[in-house]
Amino acid sequence: MTTQDLTKFCTQVRRDIINMTADAESGHPGGSLSAVELMSAAFCTQMRVNPKNPHDPDRDRFVLSKGHACPCYYAVLGELGFFPKEEFHTFRQLHSMLQGHPDAKKVPGVDASTGSLGQGMSIAVGMALGAKSQGKDTKVFAMCGDGESQEGQIWEAFMAAAHYKLDNLTVLFDNNGLQIDGSNDQVMSLGDLAAKLRAFGLDVIELSDGNNIEAVVRALETPATAGKPRCILGHTVKGKGVSFMENQAGWHGKAPNEEQRRQALAELEGK
Amino acid sequence: MAEKIATRVAYGDALAELGAKNDKVVVLDADLSCSTQTARFAKVFPDRFFNVGIAEANLVGISAGMSTMGLIPFCSTFAMFGAGRAYEQVRNSVAYPHFNVKLCMTHAGVSVGEDGGSHQSIEDLALMRVIPGMTVIVPADANETRKAVFALAEMDGPAYLRLGRLASPVFDNDLPFEIGKANVLRDGKDVAVFACGLMVAEALEAAKILEAEGISAAVINVHTIKPIDSACVAEYAQKCGKVFTVEEHSVIGGLGDAVADVLIGKVACGFHKIGVNDQFGQSGKAPEVLKEYGLTAPQIAETIKAGL
């Protein structure tokens, strides 16, 4: 995909996020919008997956540890053809495959059930370790958030990733700086994230703008250091792309109403 | 029943044996491999053994991830930490997606002994049984443990295997083992005694004591708590009219409640649960602790006699 194609893809994913959450009158638009470039770039430029054969044992894996950002995940998978986009309208509705948080039993392309924060990273480590121990060249991409990293289990997982030298694991760190009750710094400061991640043995590529698609792609194309898990630490904007949602903690878990949907889509249309 | 072997020891031996037959089997532990006996597997198959350190949440999560790569993870630590501390990881990372992880937890029950109440899991069966789709097995002796381990490797989906620290009697007989199928070890007509794990041997001894006093007790080994053998439970409750359950676990949520769930509204019978009565365990030599909680054969016989 060219940069232009990727930009278009990301804009469409943002539209899908707005429509999905507005249709459902529920969901998490803020942390979905911040994650768009990191996730889209991984799926569109890095991952070996086949939407027509989502359970191919030799596919690369993706784990959305910050599972509440699933509108972004579903949008990416739907745009790539893992399931019909009509499913978007069923998000969070009874009997839908698109549960409020990702369900591996239900959604083609979802490799782990996540949403209870902190757990996905351990699952991703297990996948990467399982691949390595069998001599498979599977790559594992796992996205976590900053708020989520207040969970101790995230750091248990990073510690193990470094210990087992999982250079087939890429952590996509969506650092939008906000969580439900406010900023990370107000609620529970994470301090120097890059230093912490490096201290835990990860090879860190820090992006001052994690919503810059070219920068994200370049980071993903940087060859992994042998024997080290890598982390793309993207400083992102919660609610990115929708003016009234940007940098507002209040848009963590609130859906746009019809008027807000129209305004958001109009803004995205202009891009 | 001359020989005594702890079910955790039989587990370690069975893993090493299974590992040679099935190269998809991997074993994970959280720095307790000498106690859980997974070290026996680690010695033979170092490349398929993963010690994740003292991090039980991560232990369960990594096991979940490995299962998605076509492996069969046997995930072990103490019951307190695997079923207790990492409960939500078991529930959400393993059971919710129905991943093929075998949670084999040792040092369950008050027979842990000296380590005391903080380490004696008397809630694990309740915690595991309530999770949808979870198979829950409590082997009664070393032979049954070996059979259970092999059966778990053959079945698909999450399972909990409850193992003990204490060396316990090995039965002379070699009964067939099928997940979900209870074994009638002794027939009787006055009372049906449903037991699991370490309490099966005690229940058999108790039945002998009762027999000497003219009471005919059937003893049924309910090694699978979930899915429970409803037909067998109902049949013996009907036949004997009086039911006792015996477990080294809280009387809340474990075998007793599983048996009650089968009988409620279906079979009219007397019903009594023997177990740890809504209290924590404590330090002491295992036989002393078991006695403190009324879980020895003479005490069980006495309780049954009083309840008839």
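The residue count restarts for each chain, going from 1 along the sequence in the order it is written. Here every chain gets a letter starting at A, and every ligand a number starting at 1, in the order they are written. In view of the model being predicted, local features appear only for residues whose pLDDT reaches at least 70, and side-chain atom pairs are presented and counted only at 80 or more, with totals across whole chains, interfaces and linings using the full set of residues. By convention in this description, side-chain values take in all heavy atoms of the structure and omit both hydrogens and water.

Help me out: how do you make sense of the interface of chain B and chain A in this one?
Often the size quoted for an interface is simply the accessible area lost on bringing the parts together. Taken residue by residue, the interface counts 24 residues in chain B and 27 residues in chain A. As a working definition, buried area equals the accessible area (1.4 Å probe) given up by two parts on being put together, with both sides summed. In terms of surface lost to chain A, no three residues of chain B exceed Asn58, Met69 and Tyr96 of chain B, which account for 33% of the buried area on that side. When a carboxyl oxygen of Asp or Glu is within 4 Å of a side-chain nitrogen of Lys or Arg, the pair counts as a salt bridge. Inspection of the chain B/chain A interface yields zero salt bridges. Think of a polar contact as two N or O atoms within 3.5 Å of one another; within protein, one of them needs to be a possible hydrogen donor and the other a possible acceptor, and neighboring residues in sequence only count if both atoms come from side chains. The interface formed by chain B and chain A holds 13 residue pairs in polar contact (both at pLDDT 80 or more) in total. A run of H or I in DSSP becomes a helix once it reaches four residues, and a run of E becomes a strand once it reaches two; helices and strands are each numbered from the N terminus. For the side of chain B that touches chain A, the secondary structure elements donating two or more residues are strand E3 (49–51), helix H4 (56–67) and helix H6 (87–95) of chain B. Pairs of residues are marked as contacts when any of their non-hydrogen atoms sit within 4.5 Å.

Explanation requested: empty space enclosed by the protein in the structure shown.
Sizing a probe to match a water molecule and rolling it over the atoms shows the empty space that remains. Residue and element names in this part refer to chain B. Any residue with an atom within 4 Å of a point lines the site, the site being either a cavity, points on a 1 Å grid over the protein atoms alone where a 1.4 Å probe fits but cannot get out, or a pocket, an open set with protein on both sides within 12 Å along at least 5 of 7 lines. Grid points are joined across faces, edges and corners, and a volume is the space filled by probe spheres set on the points. Counted by the stated rule, this structure contains three cavities of 30 Å³ or more. The computed volume of the largest cavity comes to approximately 160 Å³. In terms of lining, the largest cavity is formed by 16 residues, of which the most central are Thr7, Gly164, Gly197, Leu198 and Glu248. Each residue receives one of three labels: charged for Asp, Glu, Lys and Arg, nonpolar for Ala, Val, Leu, Ile, Met, Phe, Trp, Tyr, Cys and Pro, and polar for the others, Gly being one of them. For the lining of the largest cavity, a count of residues per class yields eight nonpolar, five polar and three charged.

Before we go on, may I ask you to explain the sheet that holds strand E1 (residues 61–64) of chain A in this structure?
Each strand in a sheet pairs with another by means of backbone hydrogen bonds, the pair being arranged parallel or else antiparallel. Residue and element names in this part refer to chain A. Here, strands pair whenever DSSP counts at least two bridges between them. One open sheet holds the five strands; their spatial order is E1-E2-E3-E7-E6, and the pairing between them is parallel. Single-partner strands in this sheet number two, and they are E1 and strand E6 (203–207). Taking each pair of neighbouring strands and ignoring which way they run, the sheet shows an average axis angle of 15 degrees. As judged from the six bridges shared by strand E3 (residues 169–175) and strand E7 (residues 230–235), these two strands associate in the parallel manner. Its bridge partner lying in E7, phenylalanine 173 is registered against leucine 233. Fitted lines through C-alpha atoms give the axes, limited to the stretch in contact for helices. The angle between two N-to-C directions lies from 0 to 180 degrees.

Would you explain the domain arrangement of chain B in this entry?
Residue and element names in this part refer to chain B. How far each domain reaches was decided by an automatic or database domain assignment. Domain annotation for chain B reports domain 1 (4–169) and domain 2 (183–307). Computed over C-alpha atoms only, the centres of domain 1 and domain 2 are separated by 25 Å. Between domain 1 and domain 2, the contact holds 31 residues from the first and 35 residues from the second. Of the roughly 2,400 Å² buried between domain 1 and domain 2, counting both surfaces, carbon and sulfur atoms make up 58%. For the domain 1 face of the interface with domain 2, the top three residues by lost area are Val110, Ile122 and Arg129, together amounting to 29%. The interface formed by domain 1 and domain 2 contains two salt bridges. With a closest N to O distance of 3.6 Å, glutamate 114 and lysine 285 form a salt bridge. Ranked by residue count, the leading element in the side of domain 1 that touches domain 2 is helix H7 (residues 124–129), at four residues.

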